[in-house]
Structures are given as structure tokens and as C-alpha cells.
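Spelled out from the first residue to the last, the chains are:
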Amino acid sequence: RLGRDTYRLTVDETLLSPAGDAAREGLLAVLNKPVFVYCKVSPTFMEGLRFLHKHEFRLVDTNVIFEKKPHLDREAEDDSRVRLAKPADRIATIELARKGFGYSRFHLDPEIPRETANRIKADWVAAYFAGTRGHQMVVVEVEGAVVGFLQLLRAADEALVIDLIAVDERYRCRGLGGEMIAFVESRAGSAPILRVGTQIANTASIRFYEGLGFRMTEAQYVFHYHHA
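Residues numbered from 1 in each chain as written. Predicted model: local features only at pLDDT ≥ 70, side-chain atom pairs only at ≥ 80, totals over all residues. Heavy atoms only, no water.

### Section: the pattern of salt bridges
Where charged atoms from two side chains of opposite charge come close, those side chains can pair.
Part 1 of the reasoning: One pass over the full model with this rule turns up 15 salt bridges.
Part 2 of the reasoning: Taking the shortest distance from any N to any O, the salt bridge between Arg1 and Asp123 comes out at 2.7 Å. Within this pair, whereas Arg1 is found in the segment before strand S1 (5-9), its partner Asp123 is found in helix H6 (residues 114-130), the two being separated by 122 residues in sequence. (Salt bridge = Lys/Arg side-chain N within 4 Å of Asp/Glu carboxyl O. Helix = DSSP H or I, 4+ residues; strand = E, 2+ residues; numbered from the N terminus.)

### Remarks on the packing of helix H4 (residues 90-99) against H6
Part 1 of the reasoning: Where H4 contacts H6, the axes come no closer than 7 Å and their chain directions differ by 155°. Relative to H6, the element H4 is oriented roughly antiparallel. At the point where H4 passes H6, the crossing takes the right-handed sense. For the pair H4 and H6, the contacting residues are Arg90, Thr93, Ile94, Ala97 and Arg98 in the first and Asn118, Arg119, Lys121, Ala122, Val125, Ala126 and Phe129 in the second. (Axes fitted to C-alpha atoms, helices over the stretch in contact; angles between N-to-C directions. Parallel < 35°, antiparallel > 145°, perpendicular 65-115°, else oblique. Left-handed = near helix turned anticlockwise from the far one by under 90°. Contact = heavy atoms within 4.5 Å.)

### Examining the packing of aromatic side chains
Part 1 of the reasoning: Within this structure, the stated rule accounts for eight aromatic pairs.
Part 2 of the reasoning: The interplanar angle of 70° and the centroid separation of 5.4 Å between the aromatic rings of Tyr209 and Phe214 together place this pair among those described as edge-to-face.
Part 3 of the reasoning: For Tyr209, a relative accessible area of 3% corresponds to the buried category.
Part 4 of the reasoning: Through a chain of ring-to-ring contacts, three or more aromatic side chains come together here, namely Phe66, Phe208, Tyr209 and Phe214.
Part 5 of the reasoning: Over the ring of Trp124 we find Arg133, and its NZ or CZ is 3.9 Å from the ring centre.
Part 6 of the reasoning: One cation-aromatic arrangement involves Arg187 over Phe183; the distance from NZ or CZ to the ring centre is 3.8 Å. (Phe/Tyr/Trp six-rings, centres within 6.5 Å; stacked < 30°, edge-to-face > 60°. Buried < 20%, exposed > 50% of the residue type's maximum accessible area, 1.4 Å probe, protein only. Lys NZ or Arg CZ within 6 Å of the ring centre and 35° of its normal.)

Here it is in C-alpha cells:
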């Protein structure tokens, strides 16, 4: 989508130590090519932040992580309209993803056109139906039409991670997002934690998760590097 190679950079103490000389040289070689590189780092890791600023990475987002223990006995208010996604839901959910986001790191990056950012989110949903991204998806219907979806990942620690959640703008503030999360919680099985990330600028999202009992556990600065 960006028309160049893409990398995720991990900045840690090893990279910044004398033992990381070769890795840093390799990184500099990459940064001189047409690339897009992104990195997430703790706000308290000052040495890493200085390194990223020195190499012209730009801060685009502060990501905040929320967690809660699933309530297995919780049920959605109207379970009949929340269900697992089917292959026939592909087109509707892709379109919801294309229109449903405005605060992602791609949308907040001024060097990425909004249309491209929208397509990236749509691609993530398409990848679920292709079997290459995601653990599970649920959808919510109103009068037989899919008006929202929630896409899940399974983390290495067995946590269920809300990868994407979106509701059609016309049906927001009706509790549909909460119903989908309740559906996930009631079927979480052995998953110890339900986890989600959102943007510090997205205050409505933060209030939404806090209202459902999520609590913030971590924050990360998100940096992007572009070289055409």
C-alpha cells in the first residue's frame, strides 16, 4: 500500500550498546533506501527516544493499552443480533473497516494519505477472511444488516486482543460495541485477559473501554520513518 519495503524496528538496550554496532550499521543502510519503518517504545526509555529523534523518526501516536479479566458469565443484552462472522460477511465488514477509523497511526501520519490509511484497515479485515490475520471475528446486526464487527487476535500469552472494532456511524452510541465485547467475554474460555489498544487522542474510545471495566496497563510512543 505504501509502495516501498516496510520494517518494524525494535529499539532496546542491546541495540544501543557496543554489542549493537553491527545492527546499527545495518539499520542505517536500510534507512537510506526507499522504506517505511515503524517503532513502538516506552515513554520512559529516554535513551531510545533520543536515538529515534537523532535518526529522524517522527512521533505519530501515543498508544495506550487496556486490559480486563473476561466475565465468562456475561451475556450481551440481545445476543440474537451478535454472532460469529461468516464468509458472507466479508464485503460488509471490509467496507465498515474502510470507513470506520480516523485515529489509527496511519490516519494520524500526515505523510500517509487518508485513502491509503483506510485501505490498510480494510486489508486487515480482508486478511482475516483469507486466513492470514486474526483469531476470530464477531459481527452485530440490526434488521438483518451487519453494522459492526470486532476482530480478535490471540497473543503469545493467550490473551484475546481486540485488533479492530468498528460500528457504522449511523448506529453508534447504541451500545453495540459493548454487546460485541460481552459476546467475546462470554466465550473467552481459558483466555486470562482481554486486551485492547487505542490512541491517547481518541478520548471517546478511552471512555468506552473504561466504562466496560478495562484499565490502562501500558503506554507506548509510536514513531514512523519515511524515506522515498
